[in-house]
Each structure stands twice: as structure tokens, then as C-alpha cells.
Amino acid sequence: MDIQLISGVFTLAEAEALLTEIIAVKIRFHENKIRTIHDTEEDIKHSEKRIIQLQERLQKALQKMREAGKENMVLNAKIEISTHRQLTP
């Protein structure tokens with residue numbers, strides 16, 4: 001199953017705001033996971049690393065969008081949903 005989350009042409013300001021908010025939701029997910037779920041230290045470190053990656057990628061994306069010097073940006077985002085099977089050794 002797929003969910004088409006974003007598909008369209010946006011002004012630079014709209015695109016920046018939309019991308020920033022989407023990334024912020026994912027960062028909050030990891031922050032809440034660190035605070036509320038008693039995961040292993042390895043899981044916590046993974047979430048901390050992922051937060052840093054998301055922040056860095058957001059800044060790079062915003063910079064590239066601004067450097068493009070265009071008034072409009074095309075954004076597409078799709079969520080693909082499938083089941084995950086654990087591989088047995």
C-alpha cells in the first residue's frame with residue numbers, strides 16, 4: 001500500500017516550510033522514542049544518530065533549494081507500506 005503524501009509545485013517558501021515540518025515530525029518521533037521507550041543503549045544511539053542525519057540533510061536540502069534560485073519547487077513524497085519479515089538464522 002502506498003500513500004502519496006506530497007505531490008505538487010510549491011513556492012520556495014512553501015517548500016521550505018513543508019520540508020522543515022515533515023523532518024521536524026520525524027525528529028520528534030526519535031526524541032519521543034529516546035524519552036519514553038526503554039530501549040537498549042544501542043537503540044538510543046541509533047535514534048540520536050538519525051536525528052543528526054535528518055538535521056544535516058534538511059540543512060543541505062534547504063541550501064540547495066535556495067541556491068537553485070527558482071521561485072517554484074516540485075516536491076514529491078510517497079510512503080510505501082509493506083510488512084517486515086525477520087530473517088531466521
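None of these values were measured; they are calculated from a predicted model. (Residues numbered from 1 in each chain as written. Predicted model: local features only at pLDDT ≥ 70, side-chain atom pairs only at ≥ 80, totals over all residues. Heavy atoms only, no water.)

Enquirer: Any chance you could explain the overall build of the chain here in plain terms?
Expert: Of the regular secondary structure elements, the chain holds 2 helices and 2 strands. For 89 residues, the compact-globule formula gives about 12 Å, and the C-alpha radius of gyration of the chain, at 16 Å, lies well above that figure. Its C-alpha atoms give the chain principal-axis dimensions of about 50 × 30 × 25 Å. Look at the contacts in the chain between residues 6 or more apart in sequence, and 80% of them connect residues 24 or more apart. Of the roughly 7,400 Å² that the chain leaves accessible, carbon and sulfur atoms contribute 54%. Charge-centre separation for the chain: the mean point of 14 positive side chains lies 3 Å from the mean point of 14 negative side chains. (Helix = DSSP H or I, 4+ residues; strand = E, 2+ residues; numbered from the N terminus. Rg over C-alpha atoms; globule rule 2.2 N^0.38 Å. Contact = heavy atoms within 4.5 Å. Areas by Shrake-Rupley, 256 points an atom, 1.4 Å probe, with all protein chains shown as cover. Lys, Arg positive; Asp, Glu negative; His and termini not counted. Charge placed at Lys NZ, Arg CZ, Asp CG, Glu CD.)

Enquirer: Where do I start with helix 1 (residues 12-36) in this structure?
Expert: Every α-helix carries 3.6 residues per turn, so stepping three or four residues along brings you back to the same face. With 25 residues, helix 1 extends 36 Å from end C-alpha to end C-alpha; this agrees with the ideal 36 Å at 1.5 Å per step. Those residues of helix 1 not exposed but buried are Ala15, Glu16, Ile23, Ile27 and His30. Among the structural elements, strand 1 (2-11), helix 2 (41-68) and strand 2 (72-80) are those in contact with the buried residues of helix 1. (Expected span 1.5 Å × (residues − 1). Buried < 20%, exposed > 50% of the residue type's maximum accessible area, 1.4 Å probe, protein only.)

Enquirer: I tried to follow the nonpolar core on my own but got confused; where do I start?
Expert: Generally speaking, soluble globular proteins have nonpolar side chains that are buried together. Among the nonpolar cores identified, the biggest contains 12 residues, and these are Ile6, Phe10, Ala15, Ile23, Ile27, Ile51, Leu54, Leu58, Leu62, Met65, Met73 and Leu75. Of all elements in the fold, only strand 1, helix 1, helix 2 and strand 2 reach the threshold of two or more residues within this core. With 5 residues, helix 2 is the largest single contributor of residues to this core. (Core = buried A, V, L, I, M, F, W, Y, C linked by side-chain atoms within 4.5 Å.)

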